[in-house]
There are 2 protein chains.
Amino acid sequence: MPERGRPRSFDRTAALRRAMEVFWAKGYEGASLSDLTTAMGINSPSLYAAFGSKEALFLEATDLYTRVEGSDIWTTLEEAPTARLAIEGFLTQTAKAYSQTDRPQGCLIALGALHQDSSQGLICYDLRRRRAENHMALKRRLERAVAEGELPADFDGQTAATFFATVQHGMSIQARDGATHAALMATVAGAMAAWATLAGARA
Amino acid sequence: MPERGRPRSFDRTAALRRAMEVFWAKGYEGASLSDLTTAMGINSPSLYAAFGSKEALFLEATDLYTRVEGSDIWTTLEEAPTARLAIEGFLTQTAKAYSQTDRPQGCLIALGALHQDSSQGLICYDLRRRRAENHMALKRRLERAVAEGELPADFDGQTAATFFATVQHGMSIQARDGATHAALMATVAGAMAAWATLAGARA
DNA sequence: TGAATTATGTATCGATCAACACAGAAAAGG
DNA sequence: CCTTTTCTGTGTTGATCGATACATAATTCA
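Residues numbered from 1 in each chain as written. Chains lettered and ligands numbered in written order. Predicted model: local features only at pLDDT ≥ 70, side-chain atom pairs only at ≥ 80, totals over all residues. Heavy atoms only, no water.

## A few points about the overall build of chain A
Heads up, the condition is: In DSSP terms, a helix is any run of H or I states spanning at least four residues, a strand is any run of E spanning at least two, and both are numbered starting from the N terminus. Contacts were defined at the residue level, with two residues in contact if any of their heavy atoms lie within 4.5 Å. Charge counting follows a simple rule: Lys and Arg are positive, Asp and Glu are negative, and His as well as the terminal groups are ignored. The atoms used to mark charge sites are NZ of Lys, CZ of Arg, CG of Asp and CD of Glu.
When helices and strands are tallied, chain A shows eleven helices and zero strands. Along the chain direction, N to C, the helices and strands of chain A fall in the order α-α-α-α-α-α-α-α-α-α-α. Contacts in chain A between residues far apart in sequence, at least 24 positions, make up 67% of those at least 6 positions apart. In chain A, which carries 22 positive and 23 negative side-chain charges, the distance between the mean positions of the two groups comes to 4 Å.

The structure is reproduced here in structure tokens:
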């Protein structure tokens, strides 16, 4: 491997984590190079040498976010024994994660770049792709429960997945408005109140 | 009134509407003075003379948005004969408004400035206040139904209002992702599926 | 040791940001 | 008419944006 030349004097992963927090708090456009380099403790040439560009840094940061911060939420969805517990756990984990006070509130994937800036469509596209993946994960989990006979055959997994994904997105905005964990759990309660109707629906 | 001096050569209200559309599509930070003056058909000195600053222009634009674009949604909420129809109409009008293809998707109030930029806390604060007002309007409508005996006395208007407001916020992000009217209505169906449980809940 | 390679710090690039100075133009009051 | 008032277009302000040039420092390879 390329171990020649002067070694890097900072921890690349730690710096990436700091960048992730800045993007998380301020969004892609709102995070300036000055914000980033200050938080990362490096100068801009080091940032560009290590990550390439602000765009590439953001893409790496969102990848780290997905792996680290989103892990609990999505493993809960997959591993819960029933579809109902999967959705309830998914939403409960979301409420917990979004209301942590030692980090930015809400979700980087949901809030990072909502306005498609003309020049930087790539960032917007990448976040959309990630949101679409999350929607598909919900749909797959629900349709698995249909296939296993846990849910009725006419259960509309697409509609339900859209509904629960939308609730989660709304919780990001709610969290940004300073909602407490209890307030987020009120939304979870509302969403789960739909379960009985959705799971028992007949065509 | 001050009718002395050279008269304004552009329609102030029409220009404000153009500015609203730019802010709606790009957000507060994403909308540059160049974007605004181009869309409004004026030069920056005229903008500053007529509106004061970018901040003041945004505040006027959100006010116009609330009065014009939000009107249908909130009058439906107030005037529907039952609480259930009020919520259903509120969400249905939202789905219709957010998926119009001849204007930006989603809601200016929800998406206009989610990242609290250090210098411009005023914009963020104003949008938050408007979102809080919307939440209170929902809560008031539901509690009115409780007072009128339409809903059970132990109906939790606060929780339900939080839930439906959050669903609406999520629909803004969903709409920004290109969701069709039908997809938004799937979310409405999910949210209304919660109604039976919420309205019939016993402590 | 010396050549090659890579990272760092300083200093800066052109572009764009929000905002405004200034002079000329268009109206009303006298 | 002339003065006052207000608006418009040109041009520009200092600040900040993302991104680099360049010289130097620190390491490996020969």
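## Things to note about the packing of helix 8 (residues 121–147) of chain A against helix 9 (residues 157–176) of chain A
Each pair of packed helices can be described by the angle between their axes along with the distance between the axes. Residues and elements named next belong to chain A. What counts is decided by this rule: For every element, the axis is a line fit to its C-alpha atoms; helices are fit only across the contacting stretch, and the angle between N-to-C directions ranges from 0 to 180 degrees. Note on angle classes: values under 35 degrees are labelled roughly parallel, values over 145 roughly antiparallel, values of 65 to 115 roughly perpendicular, and the remainder oblique. Take the far helix as your reference; a near helix turned counterclockwise from it by less than a right angle gives a left-handed crossing, and one turned clockwise gives a right-handed crossing. Three residue categories are used. Nonpolar comprises Ala, Val, Leu, Ile, Met, Phe, Trp, Tyr, Cys and Pro, charged comprises Asp, Glu, Lys and Arg, and polar comprises the others, including Gly.
Two numbers describe how helix 8 lies on helix 9: the axes approach to 8 Å, and their chain directions differ by 135°. One finds that helix 8 runs oblique with respect to helix 9. The chirality of how helix 8 crosses helix 9 is right-handed. Between helix 8 and helix 9, the residues in contact are Arg131, His135, Leu138, Lys139, Leu142 and Glu143 and Gly157, Gln158, Ala160, Ala161, Thr162, Phe164, Ala165 and His169, respectively. Among the residues forming the contact of helix 8 with helix 9, the class breakdown is six nonpolar, five polar and three charged.

## Quick word on the packing of aromatic side chains
Residue and element names in this part refer to chain A. Stated precisely, the cut-off is as follows: Under the pairing criterion, centres of Phe, Tyr and Trp rings, with the six-membered ring standing for Trp, must be within 6.5 Å; the plane angle then separates stacked pairs below 30 degrees from edge-to-face pairs above 60, leaving the rest tilted. Only protein chains enter the calculation, and the probe is 1.4 Å; a residue is then buried if its accessible area is under 20% of its type maximum, exposed if over 50%, and partly exposed in between.
Evaluation of the coordinates by the stated rule reveals 17 aromatic pairs over all chains. For the ring pair Tyr28 and Phe58, a centre distance of 5.2 Å and an interplane angle of 75° mean the geometry is edge-to-face. With a gap of 30 residues between them, Tyr28 in helix 1 (residues 12–30) and Phe58 in helix 4 (residues 54–68) connect regions that are remote in the sequence. Of the two residues examined, Tyr28 and Phe58, each falls in the buried class.

## Structural notes on the packing of helix 1 of chain A against helix 2 (residues 33–40) of chain A
All names here are of chain A. For the pair helix 1 and helix 2, the least separation of the axes is 9 Å and the interaxial angle reads 155°. Considered as vectors, helix 1 and helix 2 are oriented roughly antiparallel to each other. Classified by chirality, the crossing of helix 2 by helix 1 is right-handed. Taken together, the residues of helix 2 that come into contact with helix 1 (itself represented by Ala15, Arg18, Ala19, Val22, Phe23, Lys26 and Gly30) are Asp35, Leu36, Ala39 and Met40.

## Side note on the relation of the copies chain A and chain B
As a reminder of what qualifies: To line up the copies, we fit them by least squares on C-alpha atoms, keeping just the residues with pLDDT of at least 70 in both.
For these two chains of identical sequence, chain A goes onto chain B by a turn of 180° and a shift of 0.0 Å along the axis, with RMSD 0.0 Å. Accordingly, the operation relating the two chain copies is best matched by a two-fold axis. Both copies share a contact surface, since 100% of the interface residues of chain A are interface residues in chain B too.

## Description of the protein's contact with DNA strand C
Convention followed: Only a single heavy atom is needed: when it lies within 4 Å of a molecule or strand, its residue is near that molecule or strand. Under this definition, polar contacts are N or O atom pairs within 3.5 Å; protein pairs additionally need one hydrogen-donor-capable and one acceptor-capable atom, and for neighbouring residues in sequence, both atoms have to be side-chain atoms.
Around DNA strand C there are 23 residues in total, and A:Arg6, B:Leu33, B:Ser44, B:Tyr48 and B:Lys54 lie nearest to it. Sugar plus phosphate: this is where 73% of the atoms of DNA strand C within 4 Å of the protein reside. Note that a sugar or linking oxygen of DNA strand C is positioned 3.4 Å from one of the side-chain N or O atoms of B:Arg4. Measuring from a base nitrogen of DNA strand C, one finds a side-chain N or O atom of B:Arg6 at 3.3 Å.

## Comments concerning the side chain of B:His135
In this fold, B:His135 is placed in helix 8 (residues 121–147). Discounting chain neighbours no more than four positions away, the residues touching B:His135 are B:Gln158, B:Ala161, B:Thr162 and B:Ala165.

## Regarding the nonpolar core
Applicable threshold: By convention a nonpolar core is built from buried Ala, Val, Leu, Ile, Met, Phe, Trp, Tyr and Cys residues, the set being connected through side-chain atoms within 4.5 Å.
A:Leu91, A:Phe163, A:Phe164, B:Leu91, B:Phe163 and B:Phe164 are the most contacted members of the largest nonpolar core, which has 132 residues in total. Apart from residues no more than four positions distant in its own chain, B:Phe163 is found in contact with A:Phe163, A:Val167, A:Thr187, A:Gly190, A:Ala191, B:Ala191, B:Ala194 and B:Leu198.

## Section: helix 10 (residues 181–193) of chain A
Because each turn of an α-helix spans 3.6 residues, side chains separated by three or four positions end up pointing in the same direction. Worth spelling out the cut-off: Here the expected length of a helix is defined as 1.5 Å per residue gap, with one fewer gap than residues.
Across its 13 residues, helix 10 of chain A extends 18 Å between first and last C-alpha, which sits within 8% of the 18 Å expected from 1.5 Å per residue. Here helix 10 of chain A has its buried residues at A:Leu184, A:Ala186, A:Thr187, A:Val188, A:Gly190, A:Ala191, A:Met192 and A:Ala193.

## Concerning helix 2 (residues 33–40) of chain B
All names here are of chain B. Note the threshold: Comment: arc refers to directions from the helix axis out to C-beta atoms.
Of all the residues in helix 2, the buried ones are Leu36, Thr37 and Met40. Projected onto a plane normal to the axis of helix 2, the buried residues spread over an arc of 90° and lie on a single side. Exposed residues lying more than 90 degrees from the buried face of helix 2 are Ser34 and Thr38. Buried residues along helix 2 sit against helix 1 (12–30), helix 3 (44–51) and helix 4 (54–68).

## Some words on the interface of chain A and chain B
Let me state the cut-off plainly: Accessible-area loss on putting two parts together, using a 1.4 Å probe and summing over both, is the definition of buried area adopted here. Think of a salt bridge as a Lys or Arg side-chain nitrogen and an Asp or Glu carboxyl oxygen that are within 4 Å of each other.
Counting from both sides, the interface comprises 34 residues of chain A and, opposite them, 34 residues of chain B. Taken as a group, A:Leu114, A:His115 and A:Ile173 account for 21% of the area that chain A buries against chain B, more than any other trio of residues on that side. At the junction of chain A with chain B, the criterion picks out four salt bridges. As a salt-bridge pair, A:Asp177 and B:Arg128 come within 3.6 Å of each other at their nearest N and O atoms. One can count 14 residue pairs in polar contact (both at pLDDT 80 or more) joining chain A with chain B. Breaking the side of chain A that touches chain B down by element, the ones donating at least two residues are helix 1, helix 7 (108–111), helix 8, helix 9, helix 10 and helix 11 (195–200) of chain A. When the residues that make up the side of chain A that touches chain B are grouped by side-chain class, the tally is 15 nonpolar, 13 polar and six charged.

## Observations concerning the protein's contact with DNA strand D
Around DNA strand D lies a shell of 23 residues, among which A:Leu33, A:Tyr48, A:Lys54, B:Gly5 and B:Ser9 are the nearest. Within the side chain of A:Lys54, an N or O atom sits 2.7 Å from a phosphate oxygen of DNA strand D. The contact in question runs from a phosphate oxygen of DNA strand D to an N or O atom on the side chain of B:Asn43, over 2.9 Å. The greatest single-element share of the surface near DNA strand D, amounting to three residues, is contributed by helix 3 (residues 44–51) of chain A. Looking at the surface near DNA strand D, its residues break down into eight nonpolar, eight polar and seven charged.

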